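An overview of the molecular structure
Each chain is listed here by its residues.
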Amino acid sequence: MKTPHPLPRIRRRWTGALPGRRLAALLLLAFSLVLAAGWLLGSEGGLRWAAARLTVASDGALHIEQPAGRLLGPLRADGLRLQLADGRRFDLHGLRLDWRPGALLAGQLEIVGLAIETLELRWPAPPPPPPPPPPP
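Report on the accompanying structure. Computed from a prediction, not measured in an experiment: that's the story for all the values here.

**A short note on a nonpolar patch on the surface**
Taken together, the side chains of L104, L109, I111, L114, I116, L119, L121 and W123 define a hydrophobic patch exposed on the protein surface, amounting to about 810 Å² of accessible area. Looking at where L121 falls in the secondary structure, it is placed in strand β4 (residues 110-122). Of the residues examined, L121 reaches a relative accessible area of 44% and is grouped as partly exposed.

Rendered as structure tokens:
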């Protein structure tokens, strides 16, 4: 009985199509990044997402209540709370901010308008003074 010969392996050369596919994948990735940046910077949903990420990244030390507007400005927040590790706390209510983000490219922070309805600053009570030394 004769053993059948295995079929020869057919080698296909993908080298001609591969650079085109890599280029298409790279362009798709770049387009996706531009869309994501546009959504993040130019929409209220992007602002809310960024505010939620800041709260998580700071372990709750920074909390922005009801953010509205866009990261590119103008933006509003019903409240902003910053709790520092040493016990100091900053509460801002009725925050309105308008700025020019393009100035960051020149290394500057340009604020066009800033309004805060109320600002509360809280410092922890100072520690009690040490007891006087006993008389000799």
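Structure's up, so let's keep going.
**Things to note about the pattern of salt bridges**
Pairs can form between side chains of opposite charge once their charged atoms are near each other. Scanning all chains against the criterion turns up 5 salt bridges. Here R89 makes a salt bridge to D91, at a shortest N to O gap of 3.0 Å. Judged by its relative accessible area of 5%, D91 is buried.

**Considering the pairing of strand β3 (residues 89-100)**
With 8 bridges joining them, strand β2 (residues 75-83) and β3 adopt antiparallel strand pairing. Bridging across to β3, G79 finds its partner in H93. What sits between the antiparallel neighbours β2 and β3 is a turn of 5 residues, in which G87 has the positive phi angle 100 degrees. Relative to β4, β3 runs antiparallel, the two being bridged by 11 bridges. Within the sheet, the bridge partner assigned to L95 lies in β4 and is I116.

**What about helix α2 (residues 44-57)?**
Along an α-helix, a turn takes 3.6 residues, which lines up residues three or four apart on a common side. When the terminal C-alpha atoms of α2 are compared, their 20 Å separation across 14 residues agrees well with the 20 Å that a helix rising 1.5 Å per residue should span. Residues of α2 that are buried: G46, L47, A50 and A51. Take α2 and look down its axis: the buried residues cluster within an arc of 135 degrees, on one side only. Phi turns positive one or two residues past the end of α2, at D59, with a value near 55 degrees.

**A look at the packing of aromatic side chains**
In this structure the tally under the stated criterion is 2 aromatic pairs. The interplanar angle of 75 degrees and the centroid separation of 5.9 Å between the aromatic rings of F90 and W123 together place this pair among those described as edge-to-face. Here F90 is found in strand β3, whereas its partner W123 is found in the segment after β4, with 33 residues between them in sequence.

What counts as what
- Residues numbered from 1 in each chain as written.
- Predicted model: local features only at pLDDT ≥ 70, side-chain atom pairs only at ≥ 80, totals over all residues.
- Heavy atoms only, no water.
- Patch = residues over 30% accessible without salt bridge, like charges linked within 9 Å, V, L, I, M, F, W, Y side chains within 5 Å.
- Areas by Shrake-Rupley, 256 points an atom, 1.4 Å probe, with all protein chains shown as cover.
- Salt bridge = Lys/Arg side-chain N within 4 Å of Asp/Glu carboxyl O.
- Helix = DSSP H or I, 4+ residues; strand = E, 2+ residues; numbered from the N terminus.
- Buried < 20%, exposed > 50% of the residue type's maximum accessible area, 1.4 Å probe, protein only.
- Pairing = 2+ DSSP bridges.
- Expected span 1.5 Å × (residues − 1).
- Arc of directions from axis to C-beta.
- Phe/Tyr/Trp six-rings, centres within 6.5 Å; stacked < 30°, edge-to-face > 60°.

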